[in-house]
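One-letter residues, chain by chain:
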Amino acid sequence: SIDWYHPKTTMPASMSAAPMRCRTPLPSLGLGTWKAPPGQVGAAVRIALQKGYKLIDCAEAYDNQDEVGLALEQAFQDGVAAREDVTIVSKVFNHNHGSRAEASLRKTCEDLRVGVDLWLMHWPIRFENEQIPSPARGPTGWPNPSIEASFEYNETWKEMERLYNEGKCGGIGVCNFTVPQLKDLLANCTVRPLVNQVEAHPFFVDAELHAFCASEGIQVMAYSPLGSADSYSGKLVGAILLQDDEVNAVAKEAGISAAQALLCWGMRDGACVLAKSVREDRIEENLRSQDIKLDASLLARLTKLDRGYRFGLGWMKGHFWDDEAWSAEEKNAP
């Protein structure tokens, strides 16, 4: 209810108060806000809603929810989009696991000025630190050594279940979970996760995880569908998915852009694909990918690009970090 948090808004309670009960499948395309620059992300959200986007993906760790929330408030009040037509997604970060989760959700609702329709656990990892050290990562992406991290998700999931059952969010899910972690969560939960948001693109197919999610009725949300060349690992390796020769050959054959080819590939098995842009032309171009159907042979050519390559890095050894690479970072740490 509106009494649970105090949004920074003048919107009617019918718009701002209660989250909508989230149901899957989610829209096939959503606007991502990770790494969207301050001063630009709000405009991108409004443009996306004007163009017809039905899902906005946010997170407290992105440090831009207040600007996103102001854009949502203005768009809903101006009639750019109807609140009930838009799914608002956010996430609780590692330093707010366990008993800190409720305050995190409250702050997220206040910043976004709306109830959260789908609330996700950002990582299956808890930080003991109440404040995230700055910088959180070093130049190569290795986590700040002062971060006290451990694998933990069942306790936090119980807290998320409680808040969901109390109507304080519209649905719950996870991000960055592996198959063993999902199996453990499913064996211990009373509310099943609606989604698992993970990195997914032709360089990183992860067929086993996607097949497991499908078998359990867990929808995949795909982040970095166009690659993430400006990520730590992307800079180090120089891998630019959008410039890959085969990606561009497939796009040319289909008469579409490389970005549209990659987004079509991401949607092929019913995933909700999250595309980030702050440019109006690209926001519109990405949305049009929903109406494009790539031939199966072209999709197969993109799938063959799989090299098990993640652009994103995890927070602990053994989780999205090669053990050898992690050990090398530890050895060279100051």
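Residues numbered from 1 in each chain as written. Predicted model: local features only at pLDDT ≥ 70, side-chain atom pairs only at ≥ 80, totals over all residues. Heavy atoms only, no water.

Considering the overall build of the protein
Alright, step 1. When helices and strands are counted, the protein shows 13 helices and 10 strands.
Alright, step 2. Relative to a compact globule of 334 residues, whose C-alpha radius of gyration would be 20 Å, the protein shows 19 Å and is just as compact.
Alright, step 3. Per-residue burial over the protein gives 55% buried out of 334 residues.
Alright, step 4. Look at the contacts in the protein between residues 6 or more apart in sequence, and 77% of them connect residues 24 or more apart.
Alright, step 5. For the protein, the exposed surface amounts to about 14300 Å²; the carbon and sulfur share of it is 49%.
Alright, step 6. The protein carries 34 positive and 45 negative side-chain charges, and their two centres are separated by 2 Å. (Helix = DSSP H or I, 4+ residues; strand = E, 2+ residues; numbered from the N terminus. Rg over C-alpha atoms; globule rule 2.2 N^0.38 Å. Buried < 20%, exposed > 50% of the residue type's maximum accessible area, 1.4 Å probe, protein only. Contact = heavy atoms within 4.5 Å. Areas by Shrake-Rupley, 256 points an atom, 1.4 Å probe, with all protein chains shown as cover. Lys, Arg positive; Asp, Glu negative; His and termini not counted. Charge placed at Lys NZ, Arg CZ, Asp CG, Glu CD.)

Let's talk about the pairing of strand E7 (residues 172-175)
The side chains of a regular strand alternate between the sheet's two faces.
Alright, step 1. Residue alternation in E7 divides its side chains into two sets, Ile 172 and Val 174 and Gly 173 and Cys 175, and both sets are buried.
Alright, step 2. Sheet analysis places strand E4 (residues 118-121) next to E7, joined by three bridges and oriented parallel. Paired with Leu 120 across the two strands is Gly 173, which belongs to E7.
Alright, step 3. Summarising the sheet, E7 and strand E8 (residues 195-199) pair through two bridges and their orientation is parallel. Within E8, the residue paired with Cys 175 across the bridge is Gln 197.
Alright, step 4. For the crossover from E7 across helix H6 (residues 179-188) to E8, the handedness is right-handed. (Pairing = 2+ DSSP bridges. Right-handed = clockwise from strand over helix to strand, strands pointing away.)

Considering the packing of aromatic side chains
The geometry of an aromatic ring pair is captured by two quantities: the separation of the ring centres and the angle between the planes.
Alright, step 1. Within this structure, the stated rule accounts for nine aromatic pairs.
Alright, step 2. Here the aromatic rings of Trp 142 and Trp 326 are separated by 5.7 Å at their centres, their planes lie at 70°, and the arrangement is edge-to-face. Placement of the pair is Trp 142 in the loop between strand E5 (125-127) and strand E6 (149-151) and Trp 326 in helix H13 (residues 323-332), with a sequence separation of 184 residues.
Alright, step 3. Take Trp 142: its relative accessible area is 12%, and that puts it in the buried class. (Phe/Tyr/Trp six-rings, centres within 6.5 Å; stacked < 30°, edge-to-face > 60°.)

Let's talk about the nonpolar core
Alright, step 1. Among the nonpolar cores identified, the biggest contains 81 residues, and Ile 56, Leu 72, Trp 119 and Leu 294 are the most heavily contacted of them.
Alright, step 2. In terms of residue count, the dominant contributor to this core is helix H10 (residues 258-267) (eight residues).
Alright, step 3. Leaving out residues up to four positions away in the same chain, Leu 294 has contacts with Val 250, Ala 254, Ile 256, Ala 261, Cys 264, Leu 299 and Leu 302.
Alright, step 4. Membership of the second largest hydrophobic core comes to 11 residues, among which are Cys 175, Val 195, Met 221 and Leu 274. (Core = buried A, V, L, I, M, F, W, Y, C linked by side-chain atoms within 4.5 Å.)

Some words on the environment of Ala 81
Alright, step 1. Inspection of the secondary structure assignment puts Ala 81 in the loop between helix H3 (65-77) and strand E3 (87-92).
Alright, step 2. Taking relative accessible area as the criterion, Ala 81 reaches 15% and is therefore assigned buried.
Alright, step 3. Separated by 28 residues in sequence, Ala 81 and Tyr 53 place their C-alpha atoms 9.1 Å apart.
Alright, step 4. Look past the residues within four positions of Ala 81 in its chain and what remains in contact with it is Leu 49, Ala 75, Phe 76 and Val 86.

Section: the pairing of E4
Alright, step 1. Residues Leu 118 and Leu 120 point to one face of E4 and Trp 119 and Met 121 to the other, with burial holding for every one of them.
Alright, step 2. Here E3 runs beside E4; their pairing, made up of four bridges, is parallel. Bridging across to E4, Lys 91 finds its partner in Leu 120.
Alright, step 3. Note on the crossover from E3 through helix H4 (residues 101-112) to E4: the handedness is right-handed.

Structural notes on the state of the cysteines
Alright, step 1. All chains considered together, the criterion is met by zero disulfides.
Alright, step 2. A disulfide-free cysteine, Cys 109 has its sulfur positioned 8.2 Å from the sulfur of Cys 169, the nearest such atom.
Alright, step 3. A relative accessible area of 0% places Cys 109 in the buried class. (Disulfide = S-S within 2.5 Å.)

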